[in-house]
Amino acid sequence: QVQLVESGGGLVQPGGSLRLSCAASGRIFSIYSMGWYRQAPGKQRDVVADSTSGGSTNYADSVKGRFTISRDNAKNTVFLQMNSLKPEDTAVYYCKAVIAREPSGNWYHYWGQGTQVTVSS
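Report on the accompanying structure. (Residues numbered from 1 in each chain as written. Predicted model: local features only at pLDDT ≥ 70, side-chain atom pairs only at ≥ 80, totals over all residues. Heavy atoms only, no water.)

Section: the layout of surface pockets
Then, in step 1: Of the pockets and cavities examined, the largest pocket occupies roughly 190 Å³.
Then, in step 2: Lining of the largest pocket is provided by 13 residues; of these, Arg38, Ala40, Lys43, Asp46 and Glu88 occupy positions nearest its centre.
Then, in step 3: For the lining of the largest pocket, the secondary-structure elements that each account for two or more residues are β4 (30-39) and β5 (46-52).
Then, in step 4: Among the residues making up the lining of the largest pocket, the classes are represented as five nonpolar, four polar and four charged. (1 Å grid on protein atoms, 1.4 Å probe; cavity = no way out; pocket = protein on both sides within 12 Å on 5 of 7 lines; lining within 4 Å. Points joined across faces, edges and corners; volume = space filled by probe spheres on them. Helix = DSSP H or I, 4+ residues; strand = E, 2+ residues; numbered from the N terminus. Nonpolar A, V, L, I, M, F, W, Y, C, P; charged D, E, K, R; others polar.)

Structure, rendered in structure tokens:
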């Protein structure tokens, strides 16, 4: 019914940049928020950044000043610009969206399939 498709991961050297994209499609009436989480091997999945429809953004302390989240609401797409990447940023990055499928419906949480980001020399 709703799909989130991510792209943009890969291998980058420390200090480099990557830009992740996530497009939501399917039965969408309204999107409350879109954001990015990450999970490193052996660790829990944690929020990296999120953005609400009202324009507020939230960042994990570890990425403040280096990562920027942005949205193209017309295309139901969220981006994560990652600069000054560090080896500790290595993880699988997941897109998450909170979506209502109909006007009087409930909000549902959807996840993308994940994209690998590896920061290594």
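The rest of the description comes next.
Topic: the side chain of Arg66
Then, in step 1: Along the polypeptide, Arg66 turns up in the loop between β6 (57-59) and β7 (67-72).
Then, in step 2: Classification of Arg66 as buried rests on a relative accessible area of 10%.
Then, in step 3: Side-chain polar atoms of Arg66 contact the side chain of Asp89, separated by 2.8 Å.
Then, in step 4: Those residues in contact with Arg66 that sit more than four places away from it in its chain are Gln81, Met82, Asn83, Ser84, Leu85, Lys86 and Asp89. (Buried < 20%, exposed > 50% of the residue type's maximum accessible area, 1.4 Å probe, protein only. Polar contact = N/O pair within 3.5 Å; in protein donor to acceptor, adjacent residues only side chain to side chain. Contact = heavy atoms within 4.5 Å.)

A look at the pairing of β7
Then, in step 1: Side-chain alternation along β7 places Phe67, Ile69 and Arg71 on a buried face and Thr68, Ser70 and Asp72 on a face that remains uncovered.
Then, in step 2: Joining the antiparallel neighbours β7 and strand β8 (residues 77-82) is a turn of four residues, in which Asn76 adopts a positive phi near 50°. (Pairing = 2+ DSSP bridges.)

Comments concerning the packing of aromatic side chains
Then, in step 1: Per the counting criterion, the structure on display carries three aromatic pairs.
Then, in step 2: Taken together through their ring pairs, the aromatic side chains of Tyr37, Tyr94 and Trp111 make up a single cluster.
Then, in step 3: In this structure, Arg45 packs its charged tip against the face of Trp111, placed 4.7 Å from the ring centre.
Then, in step 4: A cation sits over an aromatic face here: Arg101 above Tyr108, 4.1 Å from the ring centre. (Phe/Tyr/Trp six-rings, centres within 6.5 Å; stacked < 30°, edge-to-face > 60°. Lys NZ or Arg CZ within 6 Å of the ring centre and 35° of its normal.)

Notes on the state of the cysteines
By definition, a disulfide links the sulfur atoms of two cysteines through a covalent bond.
Then, in step 1: Scanning the model with the defined rule gives one disulfide in all.
Then, in step 2: Disulfide pairing places Cys22 opposite Cys95 at an S-S distance of 2.1 Å. Between Cys22 and Cys95, the disulfide has an S-S torsion of -80° and is therefore left-handed. Here the residue Cys22 occupies a position in strand β3 (residues 18-26), and Cys95 occupies one in strand β9 (residues 91-100), the gap between them amounting to 73 residues. Taken individually, Cys22 and Cys95 each receive the classification buried, so the pair is uniform in this respect. (Disulfide = S-S within 2.5 Å.)

Examining the sheet that holds β8
Two modes of strand pairing occur in sheets, parallel and antiparallel, and in both the strands are linked by backbone hydrogen bonds.
Then, in step 1: In space, the four strands of this open sheet follow the order β1-β3-β8-β7, with antiparallel pairing throughout. With partners counted over all chains shown, the strands left at the sheet margins are β1 (2-7) and β7, one partner each. Pairs of neighbouring strands in the sheet enclose a mean axial angle of 15°, with direction left out of account.
Then, in step 2: Bridge count for β3 against β8 is six bridges, and the pairing is antiparallel. (Axes fitted to C-alpha atoms, helices over the stretch in contact; angles between N-to-C directions.)

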